[in-house]
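Residues per chain are reported as follows:
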Amino acid sequence: MELMVGPEAKVRLTGTKYACGTGGCGACTVMVSQHDPVCKKTRHFSVVACLVPLCSLHGAAVTTVEGVGSIKSRLHPVQERIAKSHGTQCGFCTPGMVMSMYALLRNHPQPSEGQLMEALGGNLCRCTGYRPILESGKTFCTICTELFAKDEFQPLDPTQELIFPPELLRMAENPEKQTLTFYGKRITWISPGTLQDLLVLKSKYPEAPLISGNTSLGPAMKSQGHAYPILLSPARIPDLKTVTKTSDGLTIGAGCSLAQVKDILAESISELPEEKTKTYRALLKHLQSLAGQQIRNMASLGGHVISRHCYSDLNPILSVGNATLNLLSEEGLRQIPLNGHFLAGLVSADLKPEEILESVCIPHSQKGEFVSAFRQAQCHQNALPDANAGMRVRFKEGTDTIEDLSIAYGGVGPTTLSAEGSCQRLLGRRWNALTLDEACRLLLDEVSLPGSALGGKVEFRRTLVVSFFFKFYLEVLQELRAEVKPPASSQDSQLHPEVAGRFLSALGEFQVTLPRGVQTYQSVDSHQPLQDPVGRPIMHLSGLKHATGEAVFCDDIPRVDKELSMALVTSTRAHAKIISIDSSEALDLPGVVDVITAEDIPGTNGDEDDKLLAVDKVLCVGQVICAVVAETDIQAKRATGKIKITYEDLTPVIFTIEDAIKHNSFLCPEKKLEQGNVEEAFENVDQIVEGEIHVGGQEHFYMETQRVLVIPKTEDKELDMYVSTQDPAHVQKTVSSTLNVPISRITCHVKRVGGGFGGKVGRPAVFGAIAAVGAVKTGRPIRLVLDREDDMLITGGRHPLFGKYKVGFMNSGRIKALDIGCYINGGCTLDDSELVTEFLVLKLENAYKIRNLRFRGRACMTNLPSNTAFRGFGFPQGALVTESCITAVAAKCGLPPEKIREKNMYKTVDKTIYKQAFSPEPLIRCWNECLDKSSFHTRRTQVDEFNKKNYWKKRGMALIPMKFSVGFAATSYHQAAALVHIYTDGSVLVAHGGNELGQGIHTKMLQVASRELKIPLSQMHICETSTATVPNTIATAASIGADVNGRAVQNACQILLKRLEPIIRKNPEGTWRDWIEAAFEQRISLSATGYFRGYKAFMDWEKGEGDPFPYYVYGAACSEVEIDCLTGAHKKIRTDIVMDACCSLNPAIDIGQIEGAFIQGVGLYTTEELHYSPEGVLYSRSPNEYKIPTVTDVPEQFNVSLLPPSQTPLTIYSSKGLGESGMFLGSSVFFAIADGVAAARRQRDVAEDFTVKSPATPERVRMACADRFTDMIPRDDPKTFKPWSIPIA
Ligand SMILES: Cc1cc2nc3c(=O)[nH]c(=O)nc-3n(C[C@H](O)[C@H](O)[C@H](O)COP(=O)(O)OP(=O)(O)OC[C@H]3O[C@@H](n4cnc5c(N)ncnc54)[C@H](O)[C@@H]3O)c2cc1C
Ligand code: FES
Ligand code: FES
């Protein structure tokens, strides 16, 4: 049992959040403290509670966020600063962030910036874009930021921290030697106190694994549903943690954590001469990017070595470094080499069942020896490597003749592979270009990866095999040049020849640095009353509660009486008839109460084409078929595996857009807009280019997964529902029709949502309705909490897109005609696909005025989970097609892309393709300011200079304009209501129809109420969003929530103030409270409903005309990146964003939205990649397989500025909704990468027009930078193998 489901659940410490259960997100971070009696020090370290076994904590103190500080008692500076620096939005990741920072500060009260980045590398945040979180952490660093006044925060006083509990200290000082045994229902945990006892136990239970960090064993047991009956814990045995330094090397105890190994290596490196530390340096390098800090704190060296994961980052280096393993058993000590045979798992080279690994001996490197390590992953931090390598070479003294060579690769086969054959063949060869070629050939022969290899990316990984070696070759060559001087008499020009400067760019890797940035916005007018908070950077109202863990999310609601848990059973087939569902075995399991199927639904089962629970047939893997209800969550989940469903496969089975087009499989009719005469225009242009673009889908990855609690009431079929949703009215309506009870009997409550991004608009209604059926059938409350895997499998996300364009233009770059056709992969049901198609087509023109245009869009029906709304709603995919088209025109005209953009941009008041009039003036201002603020032209020249001088690293730059339309294309979707009560003590309760998703809507609404009622924020409160207070609400989406609800709140406040006016006039010197008391006495209602009828918006698709959007948000972003052409990695050097917010209601929140959306966009366009099997099963179902950006993905320089305020009479106080628009600006990074790739291709004389594919992952970047290494690798005929995954865009 892990800590997370242990005592925390019982004592209801809900601050620690559960978001993945696989150690990959850091939401569950807590601090563990252990006293070391030998060095008399207490060690504090962060761990992930979802993987820490409870029993392993014997003798340790655990600090959760509740123990750090609280609003009720005392806030800790970490908590105060993260909130006040605006480092919280939805707040679901915040306790984990706080704990990682807190653990860091317990060890280093003044950490370095590097330590801060390292500490937060294992914590994911989907909302903020990290910049403000890092900003708060920076205030503790030695070099402090200038952004905050010194007296702003309470100081950090380490003497005030909780002490290590004295009873635990006593225990640690006098450790008991006897074996401790903990008995569970399924597992017995045995923790011996001495090494001898451990060896006896291991011989008695040879099958029992040693459980060290549980970071390998834990996830494996969870995913395979397998539990070992006996686990042996070596945690209490100090002998396994000893470190011995000899003149030959280091012997490190197998029980040392990887974090400790890192410190030990760093210490040795500082003590020893450089030549002896080459292996240590290589190990240290990988230990910096291996997993996150929490995992490094938990994982042991022994566990790492013994797990022999094919992707292990350390084993290839240990193997080439000639490490040996010291094994112990009752028989005594035995040594085996950590070599290729051990790593391949050969029985003859392995541990015997009764043996344990005591320590690992890592010899010093020798004189004349070179050791290096290489690794490439989807992103820099917290990502398993796609491939890695350890390489070592030794030369005959004073020569460049290879005496010993050892190369091992990870990630290119089922185990770490030693290229022994190649190395043998290269002995005696000179270290020169001929050897390089020969080595590449041999390595590709020996390390062969089949086309169908697990994990895919086959050609990329093959390329890395030789690219890594090339890097090693150059590295060594450089050092050889420095170390081995050719004899004066030598005529041999081959002896370490000089490497031309520009080729040296193959060396060196991107370093992680703490991002810096400036946020610019206009302060409020100096005449604005102090009490009036509008326009001020007010902290998120829940910020402090997020930071202390006191903010209550749906699943933090305590268990209610007789509550049951629900788990869903989903289809394993993509298109099949359901022949039978047999629940008998599941029903027999302990704790299982019922199985809910479609037959239990009293009302309607969703729509004809989109059933809540499948009937007769399934349309995708992951479709919900039935649900198990049990006493506990674990029982319910376990029982889902016992439900036997038989299927009969149906045809056709369609996954890809290509197949859908072939089968004419569409969800709705084509949407089309046209202006001018496209065909005629194509006849009168200088050039025409046609191209294709593929844009992958995106998982919402809200940190709080979908969840709902349904409580049936005893009277009148009433039902209370607590849901994590963006649209409670939709949940209410769906539940009503499912149960066949009037809407008025169902009440939906939403306190706060741990991130939505569009993913909690439609789907929560499905989960709510299924849970409600269970609650009604059993008569008991039901809680349904999706785990990450199910959430990712079932819910769908952003639509993948395939776009084709044909563009006609003059040689000057003026575009005369553009024809774009887009297909999106909608999945198996309509959901929002028709709307997304409409928005896609409406928004395709982005910022450009092109006289002859044709845009078409179509949603494909495939056998995949239904895709749905996602921040930007089609725009981020569609506009990428348009911008790619511009880039293609630029390449053909030989002009910089920004010139083409400028030339074709809207310049004067004009009409869009759908004939909506608008003024592009703010767009031009954003563009010009961005050019200016980013010093674009100077830096562009520098980039070109850099590229001339560097062959293997290229820089790229892109400046992207944006016209983003806000809102829904229908007036009724813009209506909003609010309810404002004033109580007799003067306090005000505001309710409105928007939901708090982290975007700060409640904060903004209180700012509005505060201005209108002219009373301070401190007198205002928002409790929750509820269908009982404000009915018939519209989803909080489309960037419009604060606008429309703000108008409703304003209206309610104005009504109230009007009622109070006579009283105020009568007693102008009175206080607010006096007036309220007087109003009550005079029987004036102190409650008012506010209403906003909505912005006018419509679209006539027949005519292709309308005013679909109330207004536009304009912006521009300039990004610069550097790419490593040999690995495909990139670093983001700088981004400047200029955005037009008119008059921001709250610049801190708005800048937070821009930054957060931008980083989410960076994820969409660079790292977030969904993988589907050829059978339509989503592989990427955890943060370990699906990489959203981490702290290391923030541009090194990240500046955001808002244009000076301007007026737009339409919106509340002239503010604009900025929730979604920043997303597309992430494409500036994509185009900067493409610019770098184009530079590489130009230099290599490869065609510059390559198919743009998003995301621009290291794989795609590497393969696009075609060179002699990509030419060298074997290519498979696609017809000859079944690939591991299929592209669906
Ligand atoms: C989120 C996450 C990210 C990760 N990222 C990376 C990464 O980027 N690169 C990478 O290389 N790895 C990565 N890993 C894997 C990680 O390095 C290993 O899981 C870890 O090192 C295993 O150590 P452990 O102590 O947790 O082993 P455990 O899970 O405790 O045990 C693993 C195995 O080792 C055996 N064992 C443990 N100690 C001994 C001993 N003394 N003698 C004999 N047998 C023993 C056990 O019996 C068991 O079979 C990641 C893991 C997670 C969860
Ligand atoms: S929930 Fe533990 S790391 Fe994600
Ligand atoms: S604030 Fe970090 S995930 Fe929402």
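Everything here concerns the structure above.
Residues numbered from 1 in each chain as written. Chains lettered and ligands numbered in written order. Predicted model: local features only at pLDDT ≥ 70, side-chain atom pairs only at ≥ 80, totals over all residues. Heavy atoms only, no water.

Some words on the packing of helix α28 (residues 875-893) against helix α29 (residues 897-904)
At their nearest, the axes of α28 and α29 sit 8 Å apart, and the two run at 115 degrees to each other. Taken together, the axes of α28 and α29 are roughly perpendicular relative to one another. Our pair here, α28 against α29, has a crossing hand that is right-handed. Counting all contacts with α28, which are made through Glu 883, Ile 886, Thr 887, Val 889 and Ala 890, the residues of α29 involved are Pro 897, Ile 900 and Arg 901. Among the residues forming the contact of α28 with α29, the class breakdown is five nonpolar, one polar and two charged. (Axes fitted to C-alpha atoms, helices over the stretch in contact; angles between N-to-C directions. Helix = DSSP H or I, 4+ residues; strand = E, 2+ residues; numbered from the N terminus. Parallel < 35°, antiparallel > 145°, perpendicular 65-115°, else oblique. Left-handed = near helix turned anticlockwise from the far one by under 90°. Contact = heavy atoms within 4.5 Å. Nonpolar A, V, L, I, M, F, W, Y, C, P; charged D, E, K, R; others polar.)

Examining the environment of Arg 1181
Considering the arrangement of structural elements, one finds Arg 1181 in the loop between α35 (1147-1167) and β44 (1197-1202). Separated by 389 residues in sequence, Arg 1181 and Met 792 have C-alpha atoms that sit 5.5 Å apart. Apart from residues no more than four positions distant in its own chain, Arg 1181 is found in contact with Arg 788, Glu 789, Met 792 and Leu 793. Within the structure, the side chain of Arg 1181 is placed 2.8 Å from the side chain of Glu 789, a separation counted as a polar contact. (Polar contact = N/O pair within 3.5 Å; in protein donor to acceptor, adjacent residues only side chain to side chain.)

A closer look at the sheet that holds β44
Spatial strand order, β16-β44-β43-β42-β34: five strands in an open sheet with mixed pairing. Both outer strands of the open sheet, β16 (519-520) and β34 (953-966), are each paired with one neighbouring strand and no more. As paired elements, β16 and β44 share two bridges and run parallel to each other. Bridged to Thr 520 within β44 is Ser 1201. In the packing of helix α31 (residues 936-949) onto the sheet, the strands contacted are β34, β42 (1111-1124) and β43 (1130-1139), and the crossing angle to β34 comes to about 145 degrees. Sheet strands touched by α35: β16, β42, β43 and β44. Its angle to β44, the strand with the most contacts, is close to 130 degrees. (Pairing = 2+ DSSP bridges.)

Overview of the site of ligand 1
Inspection of the region around ligand 1 gives 32 residues, with Ser 212, Thr 215, Leu 217, Ser 300 and Asp 313 positioned closest. Within the backbone of Asp 313, an N or O atom sits 2.8 Å from an oxygen atom of ligand 1. Relative to its free-state accessible area of 980 Å², ligand 1 is covered by the protein chains to the extent of 93%. Broken down by secondary-structure element, the contributors of at least two residues to the shell around ligand 1 are α13 (301-307) and β11 (356-363). Per-element tally for the shell around ligand 1: the top contributor is α13, with five residues. (Near = heavy atom within 4 Å. Areas by Shrake-Rupley, 256 points an atom, 1.4 Å probe, with all protein chains shown as cover.)

Observations regarding the environment of Leu 156
Considering the arrangement of structural elements, one finds Leu 156 in the loop between α6 (131-138) and α7 (166-173). Residues Leu 156 and Pro 109, 47 residues apart in the sequence, show an inter-C-alpha distance of 7.8 Å.

Re the sheet that holds strand β18 (residues 576-582)
Read across the sheet, three strands follow the order β20-β18-β22 without closing on themselves; strand pairing throughout is antiparallel. With one partner strand each, in any of the chains shown, β20 (617-618) and β22 (644-649) form the two edges of the open sheet. Sheet topology note: the β18/β22 ladder contains six bridges and is antiparallel. In the strand pairing of β22, Ile 581 is matched with Ile 645.

Considerations on the packing of helix α10 (residues 258-271) against helix α11 (residues 278-289)
For any two helices packed against each other, the geometry comes down to the angle between their axes and how far apart the axes lie. In contact at an axis separation of 9 Å, α10 and α11 are set at 140 degrees when each is read in the N-to-C sense. As judged from the angle between their axes, α10 and α11 are oblique. Considering how the two elements wind past one another, α10 and α11 form a crossing that is left-handed. In this structure, α10 uses Leu 258, Val 261, Lys 262, Leu 265, Ala 266, Ser 268 and Ile 269 to contact α11, whose residues at the interface are Tyr 280, Arg 281, Leu 283, Leu 284, Leu 287 and Gln 288. Taken together, the residues of the contact of α10 with α11 sort by class into nine nonpolar, two polar and two charged.

Comments concerning the nonpolar core
Among the nonpolar cores identified, the biggest contains 251 residues, and Tyr 409, Trp 431 and Phe 469 are the most heavily contacted of them. Broken down by element, the residue count for this core peaks at 14 residues, all from helix α18 (residues 458-483). Of all hydrophobic cores here, the second largest spans 49 residues; its members include Leu 3, Cys 28, Met 298 and Leu 314. (Core = buried A, V, L, I, M, F, W, Y, C linked by side-chain atoms within 4.5 Å. Buried < 20%, exposed > 50% of the residue type's maximum accessible area, 1.4 Å probe, protein only.)

Focus on helix α9 (residues 217-224)
Every buried residue of α9 is accounted for by Leu 217, Gly 218 and Met 221. Around the axis of α9, the buried residues are gathered within 100 degrees of arc, so they sit on the same side. Turned more than 90 degrees away from the buried face of α9, the exposed residues are Ser 223 and Gln 224. Looking at the buried residues of α9, the elements they touch are β6 (230-232). Where α9 ends, the next residue or the one after it, Gly 225, has phi of about 60 degrees, a positive value. (Arc of directions from axis to C-beta.)

Looking at the packing of aromatic side chains
Inspection of every chain in the model, using the stated rule, returns 32 aromatic pairs. A centroid spacing of 5.8 Å and a plane angle of 65 degrees characterise the contact between Phe 370 and Phe 395, whose relative ring orientation is edge-to-face. With a gap of 25 residues between them, Phe 370 in strand β12 (residues 369-377) and Phe 395 in strand β13 (residues 385-395) connect regions that are remote in the sequence. Both residues of the pair, Phe 370 and Phe 395, count as buried. Note on Phe 839 and Phe 873: the rings are 5.1 Å apart at their centroids and 75 degrees apart in plane angle, and the pair reads as edge-to-face. With Phe 839 in helix α27 (residues 833-843) and Phe 873 in the loop between β31 (852-860) and α28, this residue pair connects regions lying 34 residues apart in the sequence. On the accessibility criterion, Phe 839 (5% relative accessible area) is buried. Phe 873 gets classed as buried once you look at its relative accessible area, which sits at 13%. Grouped by ring-pair contacts, the aromatic residues Phe 839, Phe 873, Tyr 906, Tyr 914, Phe 918, Phe 1109, Tyr 1112 and Tyr 1114 constitute a single cluster. One Lys or Arg, Arg 1244, reaches over the ring of Tyr 951 and ends 4.1 Å from the middle of that ring. (Phe/Tyr/Trp six-rings, centres within 6.5 Å; stacked < 30°, edge-to-face > 60°. Lys NZ or Arg CZ within 6 Å of the ring centre and 35° of its normal.)

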